[in-house]
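# Examining the three-dimensional arrangement
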Amino acid sequence: MKKLLFAFLLVASVSIFVVQAHAQVIVIANNSVKANEVSKNDLKDVFTGASTSIGGGNVVPILLKAGTAHEEFLQAYIGKNDAAYRAGWRSLVFSGQGTMPKSLEGDAAVVEFVAHNAGAIGYIGKASPHEGVKVLAVK
Amino acid sequence: MRPASSKLLTAGIFAVLSASIGLRAQDFKIAKYDVQVHGFGTQGYVKTNDNNWLTMNTSGDGSGAFTDAGLNLGSQITSNFRVGGQVYDRKLGKLGDWHPLLDWATGDYHPKPWLGFRAGKVKTVLGLYTDSQDMDFANTFALLPQSVYPIDLRDASIAHLGGDIYGKAKLGNNLGSVAYTAYGGRRSDNMHSGYPYLLSGIAGITLNSYGGPVFGGDFRWNTPVRGLTVGISRLNEMITGKGSYNGFLGIPAQPNYWEKSKHDWTNQYYGRLVKQKFHAESEYRRYLRYQTIFSGLSWVETDVRGWYVGGGYTVNKWLELGSYYSHYRIFPTGGAGVAASYPDAQTHDFDKAVTAKFIVNKYIYFKAEGHFMDGNGTALYPAGFYANVNPNGFANNTNAVVLRSGFSF
């Protein structure tokens, strides 16, 4: 029984590791966005409301409501968990200095919105289809 | 006036209803424009071992007369133009008293990163937290350092009716970026705030208006050290208060009382470092006010100097710990009707605070905080301790427990 339990835990651990190793996030933008790449600092500034432009052009950040890609994006580029991240945006909203970015349910909705809205920039899972948008390299 | 218990019940019902709605920001459309609805609310409890604090009856069983809430509507009309407004209400002991206010209402046009314009009733940028001091959900502490952000004097600097010019710009040579704000307008205090309440208790003065022109600015540098921001703010104002005086201090009564500031300014210097799970900040504020009082018969000067050093650490996604040391000193002088000197305990308040913040989820949290205060700062200007609710005088030192829960969406 103990061996069975150990084996189960081992398989579960490996599965988690495998899922995490494969889950990655890419940054996408509307084709009107001139930049083809963005620095980590600039990306963080846009997605925390500190900046509204990339490469001299206005951009509008779009968020995922939740999910693996959302959590990975926050961890990789913002350095906050979801609660702290949204609290930061609400501070701007409640002091009259910003509008909460639109949050969408799922990668397909983000791709659809970014493709059809000038200046939109978002993030999705690497494996998700993303026709009609450009991928920004993060340097 | 409704009994205190029913107001507490109202606040509790508001909190429960908001939680049951799902605590999600609501969106709807007006014509083709998306309108967002956001809100926040807090409920607190304060218990002191001595002295009643912040106009609450805290020294007995403690007080739950510590509630606030805000409701916000906003719309991004175009990529460069945004409109919005917010209503705010609070009960802090005898202050606020459930008189809702228009907290802010602005049109904001931002054509370039380095140039934007806001007009309407605008939150004032002064130091790190003046414009966001109500955002309890975003702060580590249940009470911001009172030497710089006195919660009883929120109205003194929270907003102005006028306009701002603002912007940000990146500096070359990897020198970081700078942000500026310049503003002008009028200040108009809520009569349910600390200063009018103080005057009613110690001087027999009932104010019915307090405000005047204000102008100032803020400049901050996001330095090349990632996460380090330093800055400076300046506020100038010319404030007039009007009301009546009942002769309490021996000067003949004045049915058309007025007071007017001749020099009235604030300098504030600040720095903040945010590194992953850790943040530290420090600010120094000097508020100098020289004013003519008793309709020109006397004068008073209050030189208020406050500073703090504090910080916090995010242990995990449910727990944040923090602490600060807050140092408040007042140097009061004045003419007829004003005491020539004050005991040392009345001219300072040194406060050591420790906090634990528990984050339930992205909407709800609660905080537990201890305060250990040396001094009561009661000389001539509000500093949290009011004679109105301490009729037997003041103890020199006060310890306090502050519990505060809240939500935002």
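Before reading on, note that the structure itself is shown above.
Notes on the structure in this doc start here.

Analysis parameters
- Residues numbered from 1 in each chain as written.
- Chains lettered and ligands numbered in written order.
- Predicted model: local features only at pLDDT ≥ 70, side-chain atom pairs only at ≥ 80, totals over all residues.
- Pairing = 2+ DSSP bridges.
- Helix = DSSP H or I, 4+ residues; strand = E, 2+ residues; numbered from the N terminus.
- Contact = placed C-beta atoms within 7 Å.
- Axes fitted to C-alpha atoms, helices over the stretch in contact; angles between N-to-C directions.
- Buried ≥ 20, exposed ≤ 12 C-beta atoms within 10 Å, placed from the backbone.

## Observations concerning the sheet that holds strand 5 (residues 60–64) of chain A
Residue and element names in this part refer to chain A. Strand order in the open sheet made by the 6 strands is 2-8-1-7-5-6, with mixed pairing throughout. Looking along the sheet, the strands with just one partner apiece sit at the ends: strand 2 (37–38) and strand 6 (102–104). Where strand 1 (residues 25–29) and strand 8 (residues 134–138) come together, 3 bridges link them in antiparallel fashion. By the bridge assignment for strand 8, Ile-28 is matched with Val-135. Here helix 5 (residues 107–116) sits on the sheet and contacts strand 1, strand 5, strand 6 and strand 7 (120–125); the angle it forms with strand 7, its principal contact strand, is near 155°.

## A few points about the pairing of strand 11 (residues 240–245) of chain B
Residue and element names in this part refer to chain B. Here 6 bridges tie strand 9 (residues 205–222) to strand 11, and the two strands are oriented antiparallel to one another. The partner of Leu-207 across the bridge, within strand 11, is Gly-243. By the bridge criterion, 5 bridges tie strand 11 to strand 12 (residues 254–275) in an arrangement that is antiparallel. In the strand pairing of strand 12, Tyr-245 is matched with Gln-254.

## Digging into unusual backbone geometry
A negative phi angle is the norm for most residues apart from glycine, just as the trans form is the norm for most peptide bonds. All names here are of chain B. The phi torsion at Asn-174 lies on the positive side, around 55°, for a residue other than glycine. Locating Asn-174 in the fold gives a position in the loop between strand 7 (159–170) and strand 8 (177–188). For Ser-295, which is not glycine, the phi torsion reads 55° and is therefore positive. Relative to the elements of secondary structure, Ser-295 occurs in the loop between strand 13 (278–293) and strand 14 (298–316). According to the C-beta neighbour criterion, Ser-295 is partly exposed, with 15 such atoms within 10 Å.

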